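# Structural features, examined
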Amino acid sequence: MGTDRPGPVSALLILACLLISPAAGAPGDVTVTSVAVEPEVLMPGDSGFVTVTVQNTGPSTLPLGRARLYEDGVVPTSEPYPSVGDLGAGLNRTFTFAVRADAPDGTYYPRFSLDLRENGTLSHPVPVRVDGTPLEASVADRPDAFAAGREAAIAVQVGNPRPNAASGVRVIPEGANFSVTPGSAFIGTLEPDASGTVAFNLTPAAETNVTFRVVWRNGINTHAADIVLPVAFGEDGREADPIVTNVEVVVEGEIYRATGDVMNAGLEPARSVTISPGAPATPVDPFRVYVVGTLDSDDISTFEVTFRAGAGVTEIPLVVDYRDGDGNPYSVERPISLENRTAEEGADAGLPVTAVAAVALVVVAAGLAALWYIRRRRR
């Protein structure tokens, strides 16, 4: 019995059918079109997402098996694609993997793997960068010294030295023995190499440390960095400094009248300046309190106050009250001597020196007139 073999025509028909039938897809028909990491740069310990998009560039549907991400620097925290199914010609498919950065700073290449079943495996490295650089904060403006109960303006600047943006940036003052407004300040998103500044009004009740906590997000991860501001009390070299000079004291009966100049030797204006005599003196009309008003730096103004002082009092303070630009009140005392006055009380009748001098002038004038009259009669 012979073996039947196809003739030349049958062989041609079989070859034509093979050429017309769709060819099975090859690994080159599935291509990775994009990869993305969120956040763009992870910090050590951060959680994030790796997203890979593939496309079937072939002419036919391809059956797909398992998709997974192999660890390198970042650890996949889930296996969401045990079986993918078919991918039609020209269609895309996106795969997203939750990951955690378990490595120090550096660039890593976890490998995306897609099972193409009978057509092999698609493998593609995904670059993931890990960088632990935090945001940086500094105190951009503060007074030279603080005072109990005095409000001080503080400015905190936050910069982003990271290679990716930080979102939700805010600054929160923390600590004890002070009040502050606002309670927190929002900056928002800081792009790489950008900075933002926020202002606070701080009023300390005692010497303390104020911690400014900078909180931000890197993707879904929250981070914080602290800067500590020591609050120590002392003299502020820029504040107003009222100086009393050229004081003259005149006695008018039982009342003292003190006149002089007040000058602001500080660098900041002194506002709502008033001058009054302090104890043991007793202010009396007409100038119980002398209102000067505002004294700018190096400004000078005259003043006049009237008061009584008991027997044996040789010195009293002049009380200078004023406010700074924020409305904080201040009070300083400048002592003046009652012995360096321009008039003295009469020893006999208790008249002031001015009255005694006037009487003496009258007596002298009368004596001269009498002498002239006598000489004229002798002629």
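In this report, the structure presented in the accompanying data block is examined. (Residues numbered from 1 in each chain as written. Predicted model: local features only at pLDDT ≥ 70, side-chain atom pairs only at ≥ 80, totals over all residues. Heavy atoms only, no water.)

## Describing the side chain of N264
Quick reminder of the rule: A run of H or I in DSSP counts as a helix once it spans at least four residues, and a run of E counts as a strand once it spans at least two, with each numbered from the N terminus. Think of a polar contact as two N or O atoms within 3.5 Å of one another; within protein, one of them needs to be a possible hydrogen donor and the other a possible acceptor, and neighboring residues in sequence only count if both atoms come from side chains. Contact definition: two residues touch when any of their heavy atoms are within 4.5 Å.
Positionally, N264 belongs in strand β22 (residues 255-264). Within polar-contact distance, the side chain of N264 engages the backbone nitrogen of G266 at 2.9 Å. In this structure the side chain of N264 is engaged in a polar contact, spanning 3.0 Å, whose partner is the backbone oxygen of E268. Contact partners of N264, with chain neighbours within four places excluded, come to A240, D241, P242, P269, A270, L295, D296, S297, D298 and D299.

## Here we look at the pattern of salt bridges
Opposite charge on two side chains makes pairing possible when the charged atoms of those side chains draw close. So the rule is basically this: One side-chain nitrogen of Lys or Arg within 4 Å of one carboxyl oxygen of Asp or Glu is enough to make a salt bridge. Only protein chains enter the area calculation, which uses a 1.4 Å probe; residues under 20% of their type maximum are buried, those over 50% are exposed, and those in between are partly exposed.
With the rule as written, the count across this model stands at 13 salt bridges. With its nearest N and O atoms 2.9 Å apart, the salt bridge here joins D102 to R100. Assessed through its relative accessible area of 45%, D102 is described here as partly exposed. Look at the salt bridges and you will find they share partners, linking R150, E239, E268 and D324 into a network.

## Structural notes on the sheet that holds strand β18 (residues 195-204)
So the rule is basically this: Two strands pair under a simple rule: DSSP has to find at least two bridges between them. Note on definitions: angles span 0 to 180 degrees between N-to-C directions of axes, and those axes are lines fitted to C-alpha atoms, for helices only across the stretch in contact.
Strand order in the open sheet formed by four strands is β13-β14-β18-β16, and the pairing between neighbours is antiparallel. The open sheet has two edge strands with one neighbour each: β13 (136-141) and β16 (178-181). Averaged over all pairs of adjacent strands, the angle between strand axes in this sheet comes to 35°, irrespective of strand direction. As paired strands, strand β14 (residues 152-159) and β18 are joined by eight bridges and run antiparallel to one another. Looking across to β18, one finds that I154 is bridged to F200.

## Comments concerning the nonpolar core
Selection criterion: For the purposes of this section, nonpolar cores are sets of buried Ala, Val, Leu, Ile, Met, Phe, Trp, Tyr and Cys residues that join through side-chain atoms within 4.5 Å.
Counting residues in hydrophobic clusters, the biggest one holds 28 residues, and the most contacted among them are V50, V54, F95, F112 and L114. Mapped by element, the contributors of at least two residues to this core are β1 (30-38), β3 (47-56), β4 (62-64), β5 (67-70), β8 (92-101), β10 (111-115) and β12 (128-130). Top element by residues in this core is β8. It accounts for four residues. By size, the runner-up hydrophobic cluster in this structure holds 25 residues, among which are I275, L295, I316 and V332.

## A word on the packing of aromatic side chains
Put simply, the rule reads: Any pair of Phe, Tyr and Trp rings, taking the six-membered ring for Trp, is counted once the centres come within 6.5 Å. Such a pair is stacked with planes under 30 degrees apart, edge-to-face with planes over 60 apart, and tilted for the rest.
Applying the stated rule across the entire model yields eight aromatic pairs. Geometrically, the ring pair formed by Y81 and F95 is edge-to-face, given 5.1 Å between the ring centres and 85° between the ring planes. Here Y81, found in the loop between β6 (74-76) and β7 (85-87), pairs with F95, found in strand β8; they are 14 residues apart in sequence, far enough to count as distant. By the ring-pair criterion, three or more aromatic residues cluster together here, those being Y81, F95, F97 and F112.

## Looking at the environment of G266
Relative to the assigned elements, G266 resides in the loop between β22 and β23 (270-277). For G266, a relative accessible area of 4% gives the class buried.

## Side note on the sheet that holds β6
Read from one edge of the open sheet, four strands run β1-β3-β8-β6, paired in antiparallel fashion. Either end of the sheet is taken by a strand with one partner, and the two such strands are β1 and β6. Here the average twist between neighbouring strands, direction ignored, is 35°. Pairing of β6 with β8, which is carried by three bridges, proceeds in the antiparallel orientation. The partner of V74 across the bridge, within β8, is A101.

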